[in-house]
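Residues per chain, in single letters:
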Amino acid sequence: MLTHLTIDDIVLIERLEIDFPAGLTVLTGETGAGKSILMDSLALALGARGDASLVRQGARQGQVSAVFDLADGHPVHDLLRDNGMDAGDGLILRRVQSGDGKTRAFVNDQPCSAGLLRTLGAALVEIHGQHDDRALIDPDSHRRLLDAFGGLEPDADEVARCSAALKAARGQAGELSARIIEAEREREFLQSAVSELETLSAEPGEETELAERRQQLMGAEKISGDLDEAHELIGGGVSPVPDLAGLLRRLERKSAETPGILDDTVAALSGALDRLEEARGALDAAIRIADFDPLELEQTEERLFALRGAARKYRTVPDELPAVAVDFTNRLAALDTGQSQLADLEKAVTEAQERYRQLALALSGKRQHAAGELALAVNGELPALKLNAAEFLVECSQNESTESPDGIDIIQFHVRTNPGTAAGPMLKVASGGELSRFLLALKVALADRGSAPTLVFDEIDSGVGGAVAAAIGRRLGRLAGAVQVLSVTHAPQVAARAGAHMLISKASADNDAVVTGVAHLDEDGRREEIARMLAGETITDEARAAAAKLLALEGDETAGKGQNGSRSGPKSGGKKRHVA
């Protein structure tokens, strides 16, 4: 339920804080006092479209915060978890309206989208007025409300699950059928491709290895001639080593005969021969490493080019050729096994379709029964609301071809305002005042089923008085036994039914600015305000006596029921709180 509302810098309000109790709370005041400002502010916090004109003159921005106490298991908990949030000890919806028209939304001080705020707000509060009865003209809402009234949500959930299973089964069968048709169309291509790829027998990473080996062989080809020539010069037939070795032996013999003359020459020649021998060994090693084989290079290039050619042909990369071969093989195999699998899937579709049909028909039957009960309940409320000649109808039609998650039913709320006239949608048939009373009768019939935990009725009693207003008050009081009800009203009969009464008024602040204030009225304050509502501008003793009698009468009717707890608001003595 809504427990607290804080408004800052909105139209005529600089700052205003309001606490809301459970049960029925009425908001009264003279025309133009600011009741619509409060409704617009609450709607803004619940995700309604923003407007720069809401910002108080002279302020850069305005904001509204609405605090809620959530019951365990309320669907809002799931919405919050789905969006990574937690209600914690409570839930605060906050909306900031800038003077440039932009708005920002927050949930428990975490930024969120206006769409999420609107979804949360719709689950927490319903605002109803003569021109804001969307639940009455939306067939989707009609079906949901009927299911709530009849306690059919579990049946509807089962139909939705069956619809999802049927959709999934159809999807699987359709996907396999498409694959089989496509495979049949390209059977010849697949057979040729599988044969080619099996012959090729590509391996992952093979292209990289072949490219590296090709590079090595091409490098070896470039240096092999130079290595052979160098080896021939140093260790082949034209090598100077034998001549140098013979010369060295002669000089060594003569060196003994001429000591000191040939020693350096002999040493140099000996070292040169050693270096030449080392060079020959290094060349031998290089030739072994290079070991260029033209045939291997040719074979390597042929294999590499075959892999790359196949990759281009099948629009992939060489490393993916094995996977392509597996895919083509599987697609061929699907032609052999797919028909059997398709038959199984089509059988599953038929079974799911039959199960959906049975569940949807069963739900449809229950909905038709609930429709009769709902119409009976709503019509039972109409005479007291001075709609004696009117009739509320729940039109149920079936469309078995839809297989919708919502079932096969099209549910619409229609009304007939006079006997012999055609029934039709309420928005087209009923006048503004009639529409509001139809709404109230429907809400009373539904009680706390299919309803947000807080209902706001904005002048739902407009244009009526006397017995009708009293009947509206009694029904609002009954509703308040199940959900929190806030009612903006001009009817004293409705105000007398409240468990809490708030007076909205305008006054001049110290700076001569006009401000809106809200006062929680005690019993004396309530009697005075109801007397004003009865008498108009001048409050007479007779009006005060009539107000006291009205309060006493309404108090006697609800005494002992404990519907709203204490029937008075906080003992403020009727003292108003104007906030500049």
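Structural data are supplied above this passage.
Asks: Help me get a handle on the nonpolar core, residues and values and all.
Replies: In this structure, Leu374, Phe392, Val394, Phe413, Leu440 and Phe457 are the most contacted members of the largest nonpolar core, which totals 70 residues. Broken down by element, this core gets its largest block of residues, 11 residues, from helix H12 (residues 321–381). Discounting chain neighbours no more than four positions away, the residues touching Val394 are Leu146, Ala371, Leu374, Ala375, Ile411, Gln412 and Phe413. One finds Leu16, Leu93, Val107 and Val488 within the second-largest nonpolar core, a separate group that totals 42 residues.

Asks: So what's going on with the sheet that holds strand E1 (residues 2–10)? Which residues, and what values?
Replies: Across the sheet, which stays open at both edges, the six strands sit in the order E2-E1-E4-E5-E6-E7 with antiparallel pairing between neighbours. Every interior strand has two partners, whereas the edge strands, strand E2 (13–19) and strand E7 (110–112), have only one. Put simply, the sheet's adjacent strands are angled 15 degrees from each other on average, direction ignored. Taken together, the five bridges between strand E5 (residues 91–98) and strand E6 (residues 103–107) define a ladder with antiparallel strand orientation. From the neighbouring strand, Arg94 faces E6, where its bridge partner is Phe106. On the sheet, helix H3 (residues 114–124) packs against strand E4 (61–68), E5, E6 and E7 and is oriented at approximately 130 degrees with respect to E5.

Asks: Explain the pairing of E1 to me, using residue names and the numbers behind them.
Replies: By the criterion of burial, E1 is predominantly enclosed, with eight of the nine residues buried. In this structure, E1 lies alongside E4, joined through six bridges in antiparallel fashion. Among the inter-strand pairings, Leu2 is bridged to a residue of E4, identified as Phe68. As paired elements, E1 and E2 share six bridges and run antiparallel to each other. Bridge pairing in E2 places His4 opposite Asp19. Between E1 and E2, which pair antiparallel in sequence order, lie two residues; one of them, Val11, sits at a positive phi of approximately 50 degrees.

Asks: Tell me about the environment of Arg527, and name the residues and values.
Replies: Tracing the backbone through its elements, the reader meets Arg527 in helix H17 (residues 523–535). Note on Arg527: relative accessible area 30%, which makes it partly exposed. Residues Arg527 and Arg544, spaced 17 residues apart in sequence, show a C-alpha to C-alpha distance of 6.6 Å. Those residues in contact with Arg527 that lie beyond four places of it in its chain are Arg544, Ala547, Ala548 and Leu551. At a separation of 2.9 Å, a polar atom in the side chain of Arg527 contacts the side chain of Asp524.

Asks: So what's going on with the packing of aromatic side chains? Residues and values would help.
Replies: The final tally for this structure, using the stated rule, is four aromatic pairs. Both rings, one in Phe189 and one in Phe328, keep their centres 5.7 Å apart while their planes meet at 70 degrees; by these two values the pair is edge-to-face. A residue pair is termed long-range when its members are at least 10 positions apart, and Phe189 in helix H7 (residues 187–200) and Phe328 in helix H12 qualify at 139 residues. What makes Phe189 partly exposed here is its relative accessible area of 38%. Judged by its relative accessible area of 8%, Phe328 is buried. Taken together through their ring pairs, the aromatic side chains of Phe189, Tyr314 and Phe328 make up a single cluster. Here the basic side chain of Arg94 rests over the ring of Phe106, its NZ or CZ set 4.1 Å away from the ring centre.

Asks: Let's hear about helix H5 (residues 139–150): which residues, and what values?
Replies: Relative to the 16 Å expected for 12 residues at 1.5 Å per residue, H5 spans 17 Å between its end C-alpha atoms, a close match to the ideal helical length. Taken together, the buried positions of H5 are occupied by Ser141, His142, Arg143, Leu145, Leu146, Asp147, Ala148 and Phe149. Positive phi appears at Gly151, one or two residues downstream of H5, with a value of about 65 degrees.

Asks: Go over the sheet that holds strand E10 (residues 409–416) with me, naming the residues and quoting the values.
Replies: Spatial strand order, E9-E10-E11: three strands in an open sheet with antiparallel pairing. In the strand order of this sheet, the two ends are held by strand E9 (391–398) and strand E11 (424–425), each with one partner. Two strands pair when backbone bridges link them, and E9 and E10 are joined in this way by eight bridges, in the antiparallel orientation. Pairing of Glu391 across the sheet is with Arg416, part of E10. On top of the sheet, H12 reaches E9 and E10; it is set at about 170 degrees to E9, its chief contact.

Asks: Explain the pattern of salt bridges residue by residue, including any values.
Replies: Tallied over the full model, the rule gives 29 salt bridges. Arg355 serves as the salt-bridge partner of Glu158, at 2.8 Å between the closest nitrogen and oxygen. One end of the pair, Glu158, is in helix H6 (residues 153–185); the other, Arg355, is in helix H12, and 197 residues separate them in sequence. The class for Glu158 is partly exposed, based on a relative accessible area of 25%. Residue Arg355 is classed as partly exposed on the basis of its relative accessible area of 43%.

Asks: Account for the environment of Val515, with residues named and values stated.
Replies: If you trace the backbone, Val515 turns up in strand E15 (residues 514–520). Note on Val515: relative accessible area 4%, which makes it buried. Along the sequence, Val515 and Asp344 sit 171 residues apart, while their C-alpha atoms lie 74 Å from each other.

Procedures and definitions
- Residues numbered from 1 in each chain as written.
- Predicted model: local features only at pLDDT ≥ 70, side-chain atom pairs only at ≥ 80, totals over all residues.
- Heavy atoms only, no water.
- Core = buried A, V, L, I, M, F, W, Y, C linked by side-chain atoms within 4.5 Å.
- Buried < 20%, exposed > 50% of the residue type's maximum accessible area, 1.4 Å probe, protein only.
- Helix = DSSP H or I, 4+ residues; strand = E, 2+ residues; numbered from the N terminus.
- Contact = heavy atoms within 4.5 Å.
- Pairing = 2+ DSSP bridges.
- Axes fitted to C-alpha atoms, helices over the stretch in contact; angles between N-to-C directions.
- Polar contact = N/O pair within 3.5 Å; in protein donor to acceptor, adjacent residues only side chain to side chain.
- Phe/Tyr/Trp six-rings, centres within 6.5 Å; stacked < 30°, edge-to-face > 60°.
- Lys NZ or Arg CZ within 6 Å of the ring centre and 35° of its normal.
- Expected span 1.5 Å × (residues − 1).
- Salt bridge = Lys/Arg side-chain N within 4 Å of Asp/Glu carboxyl O.

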